[in-house]
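Coordinate inspection notes
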Amino acid sequence: MKTSLVVALLVSLVAACQGTRKQADPVLEIRAEGVRELGVSTDYGLVFLGRSARSGTVEVTAWFGDGPSVERAVVEPLGGGLFTAEPDIRLPRVPISFDTPSAGSKLVVVGREGRERWEADVEVRDDANIEGLVVSIPPQMEALEGQIGAGVYLALDDNPVHRHLVGLISGKVEFTDANGAVRRYLTVVGPDQMWRLVTYKREYPHKRKFVYRDDIL
């Protein structure tokens with residue numbers, strides 16, 4: 001077989017593998033002792049809320065274009081109610097936004113039920129009774145079972161790839177005023193805590209080590 005043909009085949013194979021890898025999303029499933037939650041793989045590592053486990057080993061499931069991959073990883077606390085773990089494989093990743101969105105800002109919540117991924121638009125709300133980031137409740141999260149830890153994203157445009165993680169859905173809060181009107185929101189662990197992942201991953205970014213020789217530029 002000619003060398004040029006071999007090279008062409010190798011290039012095609014690599015491109016196909018990269019295409020499969022890019023057909024992935026950073027929404028992960030975390031399991032331990034039958035308890036399930038969601039997490040997100042970011043540029044600084046995996047982040048989740050520790051509802052499944054706050055120590056020991058967890059199973060991390062990531063979905064690629066060719067199906068799910070289940071890896072085991074050890075839980076590490078970050079503080080502020082956040083946890084991380086580091087599987088052996090390279091996971092799909094998303095950037096983090098460290099700017100707390102203002103009231104009225106439009107965000108996107110992305111969750112998962114097994115192989116089925118869902119997303120919904122939400123709006124940042126302002127309530128004098130609440131300190132912290134809260135958003136409106138989409139129909140997909142009226143029941144929170146299994147969706148704790150769903151990622152909340154800032155969409156830069158209509159392309160789903162161009163999103164930055166703002167925080168993780170942590171629960172639901174409800175208030176009833178003097179007139180009997182009920183206000184309900186989803187609570188979000190947001191940028192005011194997400195910085196902990198960055199300071200924990202002190203080696204970020206992982207810079208490639210280049211070898212310099214006189215015969216190459």
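To be clear, the structure that these remarks concern was listed above.
Read on for a plain summary of the structure. (Residues numbered from 1 in each chain as written. Predicted model: local features only at pLDDT ≥ 70, side-chain atom pairs only at ≥ 80, totals over all residues. Heavy atoms only, no water.)

The helix and strand tally for the protein stands at 2 helices and 13 strands. At a minimum sequence separation of 6, the contacts of the protein that also span at least 24 residues come to 55%. Roughly 12700 Å² of accessible area belongs to the protein as shown, and the carbon and sulfur atoms make up 51% of that amount. (Helix = DSSP H or I, 4+ residues; strand = E, 2+ residues; numbered from the N terminus. Contact = heavy atoms within 4.5 Å. Areas by Shrake-Rupley, 256 points an atom, 1.4 Å probe, with all protein chains shown as cover.)

Along strand β2 (residues 35–42), 7 of the 8 residues are buried, which leaves the element largely enclosed by surrounding structure. Here 6 bridges tie strand β1 (residues 27–32) to β2, and the two strands are oriented antiparallel to one another. Bridged to I30 within β2 is E37. Once β1 ends, the chain turns through 2 residues before running back antiparallel as β2, passing E33 with a positive phi of about 55 degrees. Strand direction decides the pairing type here: β2 and strand β3 (residues 45–47), joined by 3 bridges, are antiparallel. Across the sheet, residue T42 finds its bridge partner in β3, namely G45. (Buried < 20%, exposed > 50% of the residue type's maximum accessible area, 1.4 Å probe, protein only. Pairing = 2+ DSSP bridges.)

A separate point is the pattern of salt bridges. Throughout the structure, instances matching the rule amount to 10 salt bridges. Note that K106 and E123 form a salt bridge whose closest N and O atoms lie 2.5 Å from each other. In this pair, K106 is assigned in strand β8 (residues 106–113) and E123 in strand β9 (residues 116–125), connecting sequence segments 17 residues apart. As a salt-bridge pair, R125 and E123 come within 3.8 Å of each other at their nearest N and O atoms. (Salt bridge = Lys/Arg side-chain N within 4 Å of Asp/Glu carboxyl O.)

Here the focus is the side chain of S52. Positionally, S52 belongs in the loop between β3 and β4 (57–64). Within polar-contact distance, the side chain of S52 engages the side chain of E37 at 2.6 Å. (Polar contact = N/O pair within 3.5 Å; in protein donor to acceptor, adjacent residues only side chain to side chain.)

The next point concerns the sheet that holds β3. One open sheet holds the 5 strands; their spatial order is β3-β2-β1-β4-β5, and the pairing between them is antiparallel. Edge positions in the open sheet fall to β3 and β5 (67–74), since each of these has one partner strand only. Strand-to-strand twist in this sheet, taken as the mean axis angle between neighbours without regard to direction, amounts to 30 degrees. With 8 bridges connecting them, β4 and β5 associate as antiparallel partners. By the bridge assignment for β5, T57 is matched with V74. (Axes fitted to C-alpha atoms, helices over the stretch in contact; angles between N-to-C directions.)

A separate point is the sheet that holds strand β11 (residues 151–155). Ordered by their spatial adjacency, 6 strands build a closed barrel running β8-β9-β10-β13-β12-β11, and the pairing between neighbours is antiparallel. Across the sheet, the mean angle from the axis of one strand to that of its neighbour is 45 degrees, orientation sign disregarded. Inspection of the sheet shows strand β12 (residues 163–176) paired to strand β13 (residues 182–189) by 8 bridges, in the antiparallel sense. Looking at the pairing, L168 lines up with V189 of β13. Taken strand by strand, helix α2 (residues 191–200) contacts β10 (133–135), β12 and β13, and its axis lies near 140 degrees from that of β12.

Regular strands show a simple pattern: their side chains alternate between the two faces of the sheet. As paired elements, strand β6 (residues 76–79) and strand β7 (residues 82–84) share 3 bridges and run antiparallel to each other. Along β7, the bridge assignment pairs E76 with T84. In sequence, β6 turns back onto β7 through a hairpin of 2 residues, with G80 there showing a positive phi of about 65 degrees.

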